[in-house]
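Below are the chains, spelled out letter by letter.
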Amino acid sequence: MSRPQQASPPGYLGQIRILLAKELTVEFRSRETAIPMAVFAAAALIAFQFSFDLRGGTLNLVAPGVLWVAIIFASLLALGRSFSREVERGSLDGLLASPIDPGALYLAKVSANVILLVVLEAVIIPLAAILFNLQLFQPTLLLTLLLGNIGIASVGTILSAISARARAREALLPIMLLPLLVPVIIAVVRATALAIDNGPWGDIQPWLAILAAYDLVFLFVSSLLFYVTVEK
């Protein structure tokens, strides 16, 4: 009688897919991160609109910064929750001791955070277009948003893992994250401003190249060093 064949363990991409599905299932069942993010960002945009006299040339100069301030500070809610569930339930050590590649766990967390940011922007971009009377539905802006999301998530996820076991992790994460995001903030605000003004592709491309290089470096280095950062 032949032995039943054992299923082979999933490969690297398979592990990412399984972990990402788990992250999204937990989040969209509880909705404890996506809804607060959207409410916070929408409230920030409305507050900026009624607090400042944004008209004409001033509007085009200030609106990109206002939009990205809302996105980045709302993203802190998602990033702060990246590893809190596992730490609170004591399951993080079990995940790290399992056959799962630590890099796959990191990339799954990054992907989940990017998706949350995309959901957030699907809500606040139309709102910003209405509040500021801007044409925000452009391919170059969508590409800027995507590269900016990856930059925020790649850095924020590894820092969330580092601060996950700290008592003051809610305060520690922004302190570590915001200085490292300075290149991303400068690039996304400049690219967004050029996209809003229908600037030439040649002017936008260098900023997008900076974002792409930043994303690749942090994704590669963080996926290699992830296990070291979450060890006790």
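One can find the structure itself at the top, above this paragraph.
Quick caveat: nothing in here was measured; it's all calculated off a predicted structure.

## Concerning the overall build of the protein chain
Link 1 in the chain: Assigned secondary structure in the protein chain consists of 10 helices and 0 strands.
Link 2 in the chain: For 232 residues, the compact-globule estimate of 2.2 N^0.38 gives 17 Å, and the C-alpha radius of gyration of the protein chain, at 19 Å, lies within 12% of that figure.
Link 3 in the chain: For the protein chain, the C-alpha atoms occupy an extent of roughly 80 × 40 × 30 Å along the three principal directions.
Link 4 in the chain: In the protein chain, which comprises 232 residues, the share counted as buried stands at 44%.
Link 5 in the chain: Looking at the protein chain alone, contacts between residues at least 24 apart form 82% of all its contacts between residues at least 6 apart.
Link 6 in the chain: Of the roughly 12,000 Å² of accessible surface on the protein chain, a fraction of 67% belongs to carbon and sulfur atoms.
Link 7 in the chain: Charge-centre separation for the protein chain: the mean point of 15 positive side chains lies 9 Å from the mean point of 14 negative side chains.

## With respect to helix α2 (residues 34-51)
Link 1 in the chain: Its 18 residues give α2 an end-to-end C-alpha distance of 26 Å, which sits within 8% of 26 Å, the value for a rise of 1.5 Å per residue.
Link 2 in the chain: Of all the residues in α2, the buried ones are Ala 34, Met 37, Ala 38, Ala 41, Ala 42, Ala 44 and Leu 45. Relative to the axis of α2, the buried residues are bounded by an arc of 155° and lie together on one face. Within α2, the exposed residues directed more than 90 degrees away from the buried face are Val 39, Phe 50 and Ser 51.

## Topic: the pattern of salt bridges
Link 1 in the chain: With the rule as written, the count across this model stands at 3 salt bridges.
Link 2 in the chain: For the salt bridge of Lys 22 with Glu 23, the shortest nitrogen-to-oxygen distance reads 2.8 Å.
Link 3 in the chain: For Lys 22, a relative accessible area of 33% corresponds to the partly exposed category.
Link 4 in the chain: Under the relative-accessibility criterion, Glu 23 is labelled buried at 10%.

## Describing the nonpolar core
Link 1 in the chain: Among the nonpolar cores identified, the biggest contains 67 residues, and Ile 71, Leu 120, Leu 136, Ile 152, Leu 177, Leu 181 and Phe 226 are the most heavily contacted of them.
Link 2 in the chain: Among the elements that take part in this core, helix α6 (residues 102-132) stands out by supplying 15 residues, more than any other.
Link 3 in the chain: If sequence neighbours within four positions are ignored, Leu 120 has contacts with Met 37, Ala 38, Ala 41, Ile 71 and Ala 74.

## Some details on the side chain of Ser 160
Link 1 in the chain: Among the secondary structure elements, Ser 160 is positioned in helix α7 (residues 139-163).
Link 2 in the chain: When residues no more than four places from it in sequence are discounted, the contact partners of Ser 160 are Leu 79, Gly 80, Ser 82, Phe 83 and Leu 173.

## Quick notes on the environment of Phe 220
Link 1 in the chain: When you line up the elements, Phe 220 lands in helix α10 (residues 201-230).
Link 2 in the chain: For the pair Phe 220 and Gly 103, spaced 117 residues apart in sequence, the C-alpha separation works out to 9.2 Å.

## Thoughts on the packing of aromatic side chains
A ring pair, where both rings are aromatic, is described by two values, the distance of the centres and the angle of the planes.
Link 1 in the chain: On inspection of all chains with the given rule, the structure shows 3 aromatic pairs.
Link 2 in the chain: Considering the side-chain rings of Tyr 106 and Phe 226, the 5.9 Å spacing of their centres and the 40° angle between planes classify their relative orientation as tilted. Placement of the pair is Tyr 106 in helix α6 and Phe 226 in helix α10, with a sequence separation of 120 residues.
Link 3 in the chain: Residue classification places Phe 226 among the buried positions, given a relative accessible area of 0%.
Link 4 in the chain: When the ring centre of Phe 83 is taken as origin, the NZ or CZ atom of Lys 109, which lies over that ring, is 4.9 Å away.

## A look at a nonpolar patch on the surface
Link 1 in the chain: Side chains of Val 217, Phe 220, Val 221, Leu 224 and Leu 225 sit close together on the surface and give an oily, nonpolar patch of about 480 Å² of accessible area.
Link 2 in the chain: Among the secondary structure elements, Val 217 is positioned in helix α10.

Cut-offs used in this document
- For every chain, the first residue of its written sequence is number 1, and the numbers climb from 1 along that sequence.
- Where totals are concerned, whole chains, interfaces and linings use all residues; where local detail is concerned, this predicted model gives features only for residues with pLDDT of at least 70, and gives and counts side-chain atom pairs only at 80 or more.
- Where side-chain values are given, they derive from all heavy atoms of the structure, hydrogens and water being excluded.
- Helix and strand labels come from DSSP, where a helix needs a run of H or I of at least four residues and a strand needs a run of E of at least two; each type is numbered from the N terminus.
- The globule rule is 2.2 Å times the number of residues to the power 0.38, and the radius of gyration it is compared with is taken over C-alpha atoms.
- Each residue is assigned to one of three classes by its accessible area relative to the maximum for its type, calculated with a 1.4 Å probe on protein chains only: buried under 20%, partly exposed between the two thresholds, exposed over 50%.
- Contacts between residues were defined by any pair of non-hydrogen atoms, one from each residue, lying within 4.5 Å.
- Calculation of accessible area relied on Shrake-Rupley with a 1.4 Å probe; when residues are assessed, cover is drawn exclusively from the protein chains displayed.
- When charges are counted, neither His nor the chain ends are considered; positive counts come from Lys and Arg and negative counts from Asp and Glu.
- To locate a charge, take atom NZ for lysine, CZ for arginine, CG for aspartate or CD for glutamate.
- Here a helix's expected span is defined as the number of its residues, less one, multiplied by 1.5 Å.
- Starting at the helix axis, one direction is taken to each C-beta atom, and the arc is that of these directions.
- Whenever a carboxyl oxygen of Asp or Glu lies within 4 Å of a side-chain nitrogen of Lys or Arg, that contact is scored as a salt bridge.
- Among the buried residues, those of types Ala, Val, Leu, Ile, Met, Phe, Trp, Tyr and Cys that are joined through side-chain atoms within 4.5 Å form a nonpolar core.
- The aromatic pairing rule takes the rings of Phe, Tyr and Trp, using the six-membered ring of Trp, and pairs them if the centres are within 6.5 Å, calling planes under 30 degrees apart stacked, those over 60 edge-to-face and the rest tilted.
- Either the NZ atom of lysine or the CZ atom of arginine qualifies as a charge over a ring when it sits within 6 Å of the ring centre and within 35 degrees of the ring normal.
- Patch construction takes residues with relative accessible area above 30% that form no salt bridge. Like charges are linked within 9 Å, and nonpolar side chains (Val, Leu, Ile, Met, Phe, Trp, Tyr) are linked within 5 Å.

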